[in-house]
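Single-letter residue listing:
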Amino acid sequence: STKTVFVLNQFSMPLSHAGGTRHVELFRGLQHWDTRIFAGARTNAGERVETAGLITAVPVTQYRGNGADRVLNWASYSLGALVRALVARPRPDVVYGSSPHMGAALAALIVARLRRRPFVLEVRDMWPQILAEAGILSESGRAYRLLKHVERLLYRSASHIVILAEGNIAALL
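A quick note: this is a predicted structure, and the numbers were derived from the prediction, not measured.

## Observations regarding the environment of Asp-69
Then step 1. Considering the arrangement of structural elements, one finds Asp-69 in helix H2 (residues 68-87).
Then step 2. We classify Asp-69 as partly exposed; its relative accessible area is 45%.
Then step 3. Excluding anything up to four places from it in sequence, Asp-69 contacts Thr-61, Gln-62 and Tyr-63.

Structure below.
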């Protein structure tokens, strides 16, 4: 029988676009699995992404630069993907959350918990450490500590963790 996997990654792209097509390439090769990839309806460059094939486009706000507009863009994706994944049919057998930002992975965790399905976490960037290293957040600040709590929740809640950069393994041990 066929199973269904939901993949939440704002920056997944259909094969017709340049860039982040890895999830489409990876999941389309799974036999006996139907895949729904919930991706942002705009690329980082503002190019539109349409619902087609494995991709379900999630409306997102536009942004320029790395300010509050970008955080709002992430939040709009996370909330939109959460809602779309919760109403999508058939229900998933597995929920896979990728962390180009923590909101995507957190939305995937919520879907997995509400649907009582396994949650797989793909670690792309080490959040919130990447924000501290970039000088955006202080490790002693409230926002950093809150994000650190979310990070620990994601790791503890995952049935499996996929790590893309070998150097990140040590940070998880």
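This is not the end of the story, as more comes after the structure.
## Some remarks on the sheet that holds strand S1 (residues 3-8)
Then step 1. Reading across from one edge, S3-S2-S1-S4-S5-S6 is the order of the six strands in this open sheet, with parallel pairing throughout. Of all strands in the sheet, those with a lone pairing partner are strand S3 (55-58) and strand S6 (160-163), marking the two edges. Recorded for the sheet is a direction-independent mean angle of 20° between the axes of neighbouring strands.
Then step 2. Docked against the sheet, H2 engages S1, strand S2 (33-40) and S3, running at close to 150° with respect to S2.
Then step 3. On the sheet, helix H5 (residues 142-157) packs against strand S5 (119-123) and S6 and is oriented at approximately 125° with respect to S5.

## Topic: the pairing of strand S4 (residues 94-98)
Then step 1. Across the five residues of S4, five count as buried, placing the element largely inside the fold.
Then step 2. The alternating pattern of S4 places Val-94, Tyr-96 and Ser-98 on one face and Val-95 and Gly-97 on the opposite face, and all of these are buried.
Then step 3. Two elements, S1 and S4, share four bridges in a ladder whose sense is parallel. Opposite Val-7, over in S4, you have Tyr-96 as the bridge partner.
Then step 4. Note: S4 against S5, four bridges, orientation parallel. Note on S5: the bridge partner recorded for Val-95 is Phe-119.
Then step 5. Running through helix H3 (residues 102-114), the crossover from S4 to the neighbouring parallel element S5 is right-handed.

## Remarks on unusual backbone geometry
Then step 1. Cis geometry marks the peptide bond from Arg-89 to Pro-90, where omega comes out at -5°.
Then step 2. Of note in the backbone geometry, His-32 takes a positive phi value of approximately 65° without being a glycine.
Then step 3. Even without a glycine there, the phi angle at Arg-116 is positive, about 55°.
Then step 4. Tracing the sequence through the fold places Arg-116 in the loop between H3 and S5.

## Digging into the environment of Gly-20
Then step 1. With respect to the secondary-structure elements, Gly-20 resides in the loop between S1 and helix H1 (22-28).
Then step 2. In sequence terms Gly-20 and Thr-43 are 23 residues apart; their C-alpha atoms lie 9.6 Å from each other.
Then step 3. If near-sequence neighbours (up to four positions away) are discounted, Gly-20 is found in contact with Phe-11, Ser-12 and Met-13.

## Digging into the side chain of His-101
Then step 1. Among the structural elements, His-101 can be located in the loop between S4 and H3.
Then step 2. A distance of 2.7 Å separates polar atoms of two side chains, one belonging to His-101 and the other to Gln-10.

## Some remarks on the packing of aromatic side chains
Then step 1. Following the criterion strictly, the structure yields two aromatic pairs and no others.
Then step 2. Residues Phe-6 and Phe-38 carry aromatic rings whose centres are separated by 5.1 Å and whose planes lie at 70° to one another, so their mutual orientation is edge-to-face. Residue Phe-6 is found in strand S1, and its partner Phe-38 is found in strand S2; the two are separated by 32 residues along the sequence. You'll find Phe-6 and Phe-38 in the same group, each marked buried.
Then step 3. Consider the rings of Phe-27 and Tyr-96, whose centres lie 5.1 Å apart with planes at 75°: the pair is edge-to-face. With Phe-27 in helix H1 and Tyr-96 in strand S4, this residue pair connects regions lying 69 residues apart in the sequence.
Then step 4. Its relative accessible area of 7% is what places Tyr-96 among the buried residues.

Rules of the game
- Residues numbered from 1 in each chain as written.
- Predicted model: local features only at pLDDT ≥ 70, side-chain atom pairs only at ≥ 80, totals over all residues.
- Heavy atoms only, no water.
- Helix = DSSP H or I, 4+ residues; strand = E, 2+ residues; numbered from the N terminus.
- Buried < 20%, exposed > 50% of the residue type's maximum accessible area, 1.4 Å probe, protein only.
- Contact = heavy atoms within 4.5 Å.
- Pairing = 2+ DSSP bridges.
- Axes fitted to C-alpha atoms, helices over the stretch in contact; angles between N-to-C directions.
- Right-handed = clockwise from strand over helix to strand, strands pointing away.
- Polar contact = N/O pair within 3.5 Å; in protein donor to acceptor, adjacent residues only side chain to side chain.
- Phe/Tyr/Trp six-rings, centres within 6.5 Å; stacked < 30°, edge-to-face > 60°.

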